[in-house]
2 protein chains.
Amino acid sequence: MESAHRGKQSIVFTQQPAILSYASVAGKKESEGPLKATFDVASKDTAFGQKSWEKAETQMQKTAMEIALQKADLKEDQLDAAFVGDLLNQCVGSSFSMRNKSIPTFGLYGACSTMAESLLLAGMAVNGGYARKVMALTSSHFASSERQYRFPLGYGGQRTPTAQWTVTGAGAVILSQSGKGPYLRSATVGSIVDAGIKDANNMGAAMAPAAYETIRAHFDDLGLGPEDYDLIVTGDLGKLGHQVVAELFEKDGVKLGQRYQDCGMMIYDLEKQDVHCGGSGCGCSASVLCGHLLGRMRRGQLNRLLFCGTGALLSPLSTQQGESVPAVCHAVSIFTERS
Amino acid sequence: MESAHRGKQSIVFTQQPAILSYASVAGKKESEGPLKATFDVASKDTAFGQKSWEKAETQMQKTAMEIALQKADLKEDQLDAAFVGDLLNQCVGSSFSMRNKSIPTFGLYGACSTMAESLLLAGMAVNGGYARKVMALTSSHFASSERQYRFPLGYGGQRTPTAQWTVTGAGAVILSQSGKGPYLRSATVGSIVDAGIKDANNMGAAMAPAAYETIRAHFDDLGLGPEDYDLIVTGDLGKLGHQVVAELFEKDGVKLGQRYQDCGMMIYDLEKQDVHCGGSGCGCSASVLCGHLLGRMRRGQLNRLLFCGTGALLSPLSTQQGESVPAVCHAVSIFTERS
């Protein structure tokens, strides 16, 4: 068998798994932003009819999963595996969305990089013949994240200028060995990079070095450059982190220019929506990928995408104990045509 | 390429990846139990020289990783990937043990099933040619878990009769495409089963149905039975959960008998060590696998093992919100000889 391993940390999907379907769910603030027309569900009710923010998050995941299954004309029991995760303590959002569904399930924790991590592993599962139909699923919720990582909303804490706004959203992708695509072509697995940032409200700066290192490794391992992509997106670096990544590449003599964007800057109107540096959370890159980006690919407006999930690996306790914020970035390349 | 997928939720490792090395680290109570001679490190200092229980957990992981690398005569940068996870909020134990190591890292959350989940995914990565040398690593710590899931130790809360004792321990396995083994042969991916148990202190009962369903699926998918194994172990069901699994199989007319054991009952002396139903935590199955069990396999005393990691997917918040406790079980079969 031809080895799929390339260079330091990359893999090539020799069978180029197909994206059979995808679905996105978004909350109120996201439904008022520039991508409002691209979500399958744009809810005015941020509680999604539930009694707690955590249950709302599970509900979003269930909805994304149902719509993705429907679009692929599949039933739950036709999924051979699911890769799922979220930001809540012990990933309960995902555990409760998958319970008693008879779908073999891998729980992941990649912080806000989970959409890329789950897509990468789902790609490995399909590409390697371990499973035929596989789902990647993740979510985040502004209110459950605030009480999880920072303060309960009722506390009314001030937000710092470098803060980001956790996206209320979910995304699901179903992969298969065949289908009309787009298709996964390659991926780069991130290592954990700690640049020593101790401000838990400056996650963009904490994550940018990890994003730089993974994209750099992707280019080096696979002999590629920015010109091989129409669009390179990071998950949720926000305005500040986006700028840091662009600058790190400039030091290498590489101009990313307009080709490089960030989902956290795309999902909100940064001028009008008072989100400071932009969106964050697993649901940010998930809902942008599973709406806007894959939509543009299906319509032929975007052909070569490098999707880079970015995650800040902190907990309230690690911050209290004076730890810095390590980060990770996983990248998956998606093409409208098989090579 | 021959498909590795079998039946409802199982896979066959067509290349049968080799366990190149393994290492275990254990705390004080574990070092006083019946398996004391089987750990690579049996520490009298439960803080492992660190200032917090969480940092102690990271230290245990680092030590297990270092010893496993040493035994395999490998350097960190020779690992193509690591699959890691723990029980702490946002898996910070693992994130901090892997930071700035330049090892491509997948974060997992499988609760106490993480050793099996990580081994399974590491097996898929090696078997599929995505990576050459891959590590599976996990841990738990009694004191960090108590404050994470229940009460700070200083509170002095009473333990219920069905409670279990979180193992202070870590385990690491390094897989490779070739080596003297033992070897991974097949695996069954668990789905999330919720039997409706709401008592967060009765995790054995919550996890037993998940263990039963995964082992049942393993037999059905692969045309196997208990007689195909010398030993079937669950991770941390304890005395009560172990009995429930045995009874569920008896209802099917299958007698598991002495062939079926539980790591949570093996690691402590249940009569003398005041651990109620037995050990629990990711570190329970990890330190028993990476010491006692793989040690017996290397010495030829045990040849056919079905290793079943079991996890209760709760969080303090889900319990407070009145949720029941879903559970998952992943199984990996390990043989001293390649078939």
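Residues numbered from 1 in each chain as written. Chains lettered and ligands numbered in written order. Predicted model: local features only at pLDDT ≥ 70, side-chain atom pairs only at ≥ 80, totals over all residues.

*Asks:* Is there a simple way to explain the overall build of chain A in this structure?
*Replies:* Looking only at helices and strands, one finds ten helices and 15 strands in chain A. Whereas a compact globule of 339 residues would reach a radius of gyration of roughly 20 Å, chain A reaches 18 Å, a difference of no more than 12%. Judged by the C-alpha coordinates and their principal axes, chain A covers about 55 × 50 × 35 Å. Evaluated residue by residue, chain A yields a buried proportion of 64% over its 339 residues. (Helix = DSSP H or I, 4+ residues; strand = E, 2+ residues; numbered from the N terminus. Rg over C-alpha atoms; globule rule 2.2 N^0.38 Å. Buried ≥ 20, exposed ≤ 12 C-beta atoms within 10 Å, placed from the backbone.)

*Asks:* Explain the domain arrangement of chain A to me, please; I cannot follow it from the model alone.
*Replies:* The figure often quoted for interface size is the accessible area lost as the parts come together. Residue and element names in this part refer to chain A. Here chain A is described as being made up of domain 1 (14-176) and domain 2 (183-335). Centre-to-centre, using C-alpha coordinates, domain 1 lies 18 Å away from domain 2. Listed per partner, the contact involves 50 residues of domain 1 and 52 residues of domain 2. For the side of domain 1 that touches domain 2, the secondary-structure elements that each account for two or more residues are strand E3 (18-26), helix H1 (28-31), helix H4 (114-127), strand E7 (133-140), helix H5 (142-149), strand E8 (165-166) and strand E9 (169-176). Here the side of domain 1 that touches domain 2 is composed, by residue class, of 25 nonpolar, 20 polar and five charged. (Domains from an automatic or database assignment. Contact = placed C-beta atoms within 7 Å. Nonpolar A, V, L, I, M, F, W, Y, C, P; charged D, E, K, R; others polar.)

*Asks:* Quick question: what am I supposed to make of the packing of helix H6 (residues 203-222) of chain A against helix H7 (residues 238-251) of chain A here?
*Replies:* Axes are the key here: two packed helices are described by the angle between their axes and the distance separating the axes. All names here are of chain A. Two numbers describe how H6 lies on H7: the axes approach to 8 Å, and their chain directions differ by 35°. The element H6 and its partner H7 pack so that their crossing is right-handed. Touching Gly 204, Ala 205, Met 207, Ala 208, Ala 211 and Tyr 212 of H6 are Gly 238, Leu 240, Gly 241, Val 244, Val 245, Leu 248 and Phe 249, all from H7. (Axes fitted to C-alpha atoms, helices over the stretch in contact; angles between N-to-C directions. Left-handed = near helix turned anticlockwise from the far one by under 90°.)

*Asks:* Can you walk me through unusual backbone geometry in this structure?
*Replies:* With glycine set apart, most residues show a phi of negative sign, and most peptide bonds adopt trans. Of the consecutive residues Gly 181 of chain A and Pro 182 of chain A, the connecting peptide bond is found in the cis state with omega at 5°. Examined against the element boundaries, Pro 182 of chain A turns out to sit in the loop between E9 and strand E10 (183-188). At Gln 16 of chain B, a residue that is not glycine, the phi angle is positive and equals roughly 45°. In this structure, Gln 16 of chain B sits in the loop between strand E2 (10-12) and strand E3 (18-26). On the basis of neighbour counts, which here come to 22 C-beta atoms within 10 Å, the residue Gln 16 of chain B falls in the buried class.

*Asks:* In this structure, what is going on with the relation of the copies chain A and chain B? I would like to understand it.
*Replies:* In this arrangement, two copies of a chain are superimposed by a rotation about an axis accompanied by a shift along the axis. Mapping chain A onto chain B calls for a screw motion: a turn of 180° about the axis and a shift of 0.0 Å along it, with 0.0 Å RMSD after fitting. Taken together, these values place the two copies in the relation of a two-fold axis. Taking C-alpha positions as reference, the residue of chain A nearest the rotation axis is Leu 108 of chain A, located at 2.0 Å. An overlap of 100% is found between the interface residues of chain A and their copies at the interface of chain B, pointing to a shared contact surface. (Least-squares fit on C-alpha atoms with pLDDT ≥ 70 in both.)

*Asks:* Just to check I follow, could you spell out the pairing of strand E15 (residues 327-335) of chain B for this structure?
*Replies:* Residue and element names in this part refer to chain B. Burial analysis of E15 places eight of its nine residues in the buried class, the great majority of the element. Where strand E10 (residues 183-188) and E15 come together, five bridges link them in antiparallel fashion. The partner of Thr 188 across the bridge, within E15, is Ala 331. Relative to E15, strand E14 (residues 304-312) runs antiparallel, the two being bridged by nine bridges. Each bridged residue has a counterpart across the sheet, and for Leu 306 the counterpart in E15 is Ser 333. (Pairing = 2+ DSSP bridges.)

*Asks:* Could you clarify how one ought to interpret the pairing of strand E5 (residues 81-85) of chain B in this entry?
*Replies:* All names here are of chain B. Among the five residues that make up E5, five are buried, leaving the element largely enclosed by the rest of the structure. Alternating positions in E5 separate into two faces, Ala 81, Phe 83 and Gly 85 on one and Ala 82 and Val 84 on the other, with burial throughout. Relative to strand E6 (residues 105-107), E5 runs parallel, the two sharing three bridges. Paired with Ala 82 across the strands is Thr 105, a residue of E6. Handedness of the crossover joining E5 and E6 through helix H3 (residues 92-98) is recorded here as right-handed. (Right-handed = clockwise from strand over helix to strand, strands pointing away.)

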